[in-house]
Amino acid sequence: MCGIAGIISNNAENYQQEIRNMTDALIHRGPDSSHYEFYDHAALGHRRLSIIDLSENGKQPMFSDTKNECIVLNGEIYGYQDIKRQYAEYPYHGESDTEVILAMYQKKQENLIHDLPGMFAFAIWDNKKRQLFCARDRFGEKPFYYAIGKNNEFIFASEIKAIIASGLIHPQVSQDALSHYLQYGYVSSHQSIYSNIYTLPPAHQLILKDGKITVSRYYSLPAKDRTISLSEAKEEFLYLLKKAVKKQLIADVEVGSFLSGGLDSSSVVALVDEFLPHQTTISFGYDHKNNELKYAREIADKYKTNHIEVHEKKEDLVTSLLKITPYFDEPFADASFIPHYEICKAARKNLTVVLSGDVGDELFGGYHFYTVENKMKQHFSYKNIVAQFGLKLYQKLKTTSFITQKNMQYSSIMDFHLNMVRNNFNETERARLGVPSRYVQPYSFTPDTDSLNDIMRVDIENYVPGNMMVKSDRMAMANSLEVRTPFLDLDFAEFCIQLPDTLKLDNNNDKIILREAMGFYWTETIRKRHKQGFGLGVKSWFEEENLMKLSNDLLKNPDHKVFNFIDFKATQTFLNKDERHWNLLQLALWADHNNSIL
């Protein structure tokens, strides 16, 4: 994994200090080396974390054989050896996956993106065309930000901090992004927290030519469900997942696996064992009776892994927050980032690459609220005006069920999902805080408001890249660790996305397809498991005196920088030691860390 940066401008060699400042800001993403290359109109920089082709032949920025093209890549191209054989006429100098993209570009130009698998964010400077071609992977695993500098420079980098380090732009906070953050606890994958620093959305490409920026979508999620039997689905599921895992084990360093003891990570570990016996597995657990370490130990024993357990260090929570939150560059309220940071830190002591079981819940229907939404849809009151009228009268006499209440409150299961699930502040509350903007993220398909599968598709295009992949990338890169996600293999993910929802969940069971296909690989205890959260909740954290002191210092001070963006008096009404309080605290921590630039 790596960090990339670039400045496109006339007399690009004059930006040597700026490009160095940018890559220095990304040293955590690539501690092994830094390199720069310059054309008349392009300065490219790179920080390297050596994983494939550890020799000098793998270093970046990487020139093509003609020196006309130069690439900087962050990511991994899975199955690149097979692609390389398709472009055998190219005079390769090394064994890296990066060089394969240059071979593809010479033959197919921008059309290469349709044949490129893996997780990636890259930029190719074509000197003959005086054109920059950039792209980001389909599911948003790797980040890509860009901005226009004060002298009309085009600036890009893996992280916002590198763009700011260029000194070429003064960031301005986006009200739309702030609104999205307050509602969901993360910034949308289609924007950044700053109105003048942009993110290239997942599945999009960018072309810069003659000063004009063109951004376009190159990939859309499959929008229709397949008709397939359970027996056929089980066979195809297992075949595609094995193939995905095998491809993601390719590296010139050891590859390990995160192991939580849940169904998803246990499945990845089980299949890795078929290709890499005695793998290294890493588990994290808080010291409380409900931690998952005992389940992880069962799978580790079954597959005789080199198992590493990480127990909570009992480090001061405030110390952890002040150390970790700056890696996000944006406000981020998913509290699981703290244990995620710790497990990545522990993994890096032994490994450079780790496989993760992320995104199984979105692909297989693993969240409890999917089951709730399924029950809402099947309930007799769903979209039944007459029934709902009668229930409103009945409700005055006797309390109705949660399902009934939500069917009367929301127009559809999609409405419930977007405006109830994972929501911190509703539209009225955001307006009270002084942020009346309402941002609605675009999707690659037109969601059916009554479709459970489309709710999962929405999560794959919203929650996964905006929250899950941000957490995974930033916490891993903070520790110079590469995390790979086999469930996001293109062929496997597309197959799962198109499965009928009846093969994912019903009113009594979740992850039906995973349980049917992988149950044999687990222990009996694991087979009976349902989803468990990663660590303790924020309500217990607010019981710590030091966290409340930090909260008071930041959120009870009307002169704090955060109150340039939200209303002080309204904020005081939400400091109730809950998720909304945590959301506001993370916003204040972000403002505090970025005080000098805001």
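Coordinates for the structure precede this section.
Presented here is an overview of the structure given in this document. (Residues numbered from 1 in each chain as written. Predicted model: local features only at pLDDT ≥ 70, side-chain atom pairs only at ≥ 80, totals over all residues. Heavy atoms only, no water.)

Further remarks concern the overall build of the chain. Within the chain, the secondary structure is distributed over 25 helices and 17 strands. What you see for the chain is a C-alpha radius of gyration of 24 Å, in line with the 25 Å of a compact globule of 598 residues. Its C-alpha atoms put the chain at 80 × 60 × 50 Å along the principal axes. Taken over 598 residues, the chain has a buried fraction of 63%. (Helix = DSSP H or I, 4+ residues; strand = E, 2+ residues; numbered from the N terminus. Rg over C-alpha atoms; globule rule 2.2 N^0.38 Å. Buried < 20%, exposed > 50% of the residue type's maximum accessible area, 1.4 Å probe, protein only.)

This part covers the side chain of K84. Within the secondary structure, K84 is located in helix α2 (residues 80–86). Among the residues examined, K84 registers a relative accessible area of 17% and is labelled buried. Contact partners of K84, with chain neighbours within four places excluded, come to Y92, G94, E95 and V100. (Contact = heavy atoms within 4.5 Å.)

Turning to the pairing of strand β5 (residues 69–76), a few remarks are in order. The element β5 is largely enclosed, with a buried count of 8 among its 8 residues. Between strand β4 (residues 62–63) and β5, which pair antiparallel one after the other, the connecting turn spans 5 residues, and K67 there sits at a positive phi close to 70 degrees. In terms of strand pairing, β5 meets strand β6 (residues 119–126) through 8 bridges, oriented antiparallel. When the sheet's bridge partners are listed, L73 is paired in β6 with F122. (Pairing = 2+ DSSP bridges.)

In spatial order, the strands read β2-β3-β1-β9-β8-β10; together these 6 strands make up an open sheet with antiparallel pairing. The open sheet has two edge strands with one neighbour each: β2 (33–38) and β10 (197–199). Strand after strand, the sheet turns through a mean of 15 degrees between neighbouring axes, direction not considered. Both β2 and strand β3 (residues 42–48) contribute to a ladder of 6 bridges, which runs antiparallel. Bridge pairing in β3 links Y36 to G45. (Axes fitted to C-alpha atoms, helices over the stretch in contact; angles between N-to-C directions.)

In this model, Q60 is joined to P61 through a cis peptide bond whose omega is 0 degrees. Here P61 lies in the loop between β3 and β4. If you check the backbone angles, V359 has positive phi at about 80 degrees while not being a glycine. When you line up the elements, V359 lands in the loop between β16 (353–355) and α11 (360–364).

In terms of burial, β3 is a largely internal element, 7 of the 7 residues being buried. Along β3, one buried face is formed by A42, L44, H46 and R48 and the opposite face, lined by A43, G45 and R47, is buried too. The pairing of strand β1 (residues 2–8) with β3 spans 7 bridges and is antiparallel. The partner of I7 across the bridge, within β3, is A43.

Summarising the element assignment, R474 is placed in helix α18 (residues 463–478). In this structure R474 comes out as buried when scored by relative accessible area, which is 3%. Here the side chain of R474 touches D473 through a polar contact of 2.9 Å, side chain to side chain. Excluding its chain neighbours within four sequence positions, the residues that come into contact with R474 are P143, Y145, E159, Y327 and F328. (Polar contact = N/O pair within 3.5 Å; in protein donor to acceptor, adjacent residues only side chain to side chain.)

A pair of packed helices is captured by two measures, namely the crossing angle of their axes and the spacing between those axes. Between helix α6 (residues 230–248) and helix α7 (residues 263–275), the shortest axis-to-axis distance is 9 Å and the interhelical angle comes to 70 degrees. With respect to α7, the axis of α6 lies roughly perpendicular. For the pair α6 and α7, the sense of crossing is right-handed. Of the residues in α7, those in contact with L238, L241, K242, V245 and K246 of α6 are L271, V272, E274 and F275. Residue composition of the contact of α6 with α7, by class: 6 nonpolar, no polar and 3 charged. (Parallel < 35°, antiparallel > 145°, perpendicular 65-115°, else oblique. Left-handed = near helix turned anticlockwise from the far one by under 90°. Nonpolar A, V, L, I, M, F, W, Y, C, P; charged D, E, K, R; others polar.)

Moving on, we come to the environment of I513. Its location among the elements puts I513 in helix α20 (residues 512–518). You can call I513 buried: its relative accessible area is 0%. Residues I513 and T325, 188 residues apart in the sequence, show an inter-C-alpha distance of 37 Å. When residues no more than four places from it in sequence are discounted, the contact partners of I513 are L230, A233, K234, F237, F364, L499 and L503.

Let's shift gears to the sheet that holds strand β13 (residues 255–258). Spatial strand order, β15-β14-β13-β16-β17: 5 strands in an open sheet with parallel pairing. Both edges of this open sheet fall to β15 (306–311) and β17 (482–484), since each of them pairs with a single strand only. The average angle at which neighbouring strand axes cross in this sheet is 30 degrees, direction not considered.

Bringing helix α23 (residues 545–555) into the picture now. Quick reminder: α-helices carry 3.6 residues per turn. Residues three or four places apart thus point the same way. Residues L547, M548, L550, S551, L554 and L555 constitute the buried set of α23. For α23, the angular spread of the buried residues around the axis is 155 degrees, confining them to a single face. Facing away from the buried side of α23 by more than 90 degrees, the exposed set consists of E545 and K549. Looking at the buried side of α23, the elements it contacts are α9 (317–324), α22 (538–541), α24 (568–572) and α25 (579–593). (Arc of directions from axis to C-beta.)

With that settled, the discussion passes to the packing of aromatic side chains. If you walk through the whole model with that rule in mind, you get 33 aromatic pairs. With centroids separated by 4.4 Å and ring planes inclined at 15 degrees, the aromatic side chains of F328 and F332 adopt a geometry described as stacked. As far as the burial class goes, F328 and F332 line up, both buried. Between Y367 and Y370, the aromatic rings sit 5.6 Å apart at their centres with planes inclined by 65 degrees, giving edge-to-face as the arrangement. Taking the relative accessible area as the measure of exposure, Y367 reaches 10% and is therefore buried. An aromatic cluster of three or more residues is present, and its members are F144, Y146, F154, F156 and Y198. Over the ring of Y36 we find R20; its NZ or CZ atom is 4.4 Å from the centre of that ring. (Phe/Tyr/Trp six-rings, centres within 6.5 Å; stacked < 30°, edge-to-face > 60°. Lys NZ or Arg CZ within 6 Å of the ring centre and 35° of its normal.)

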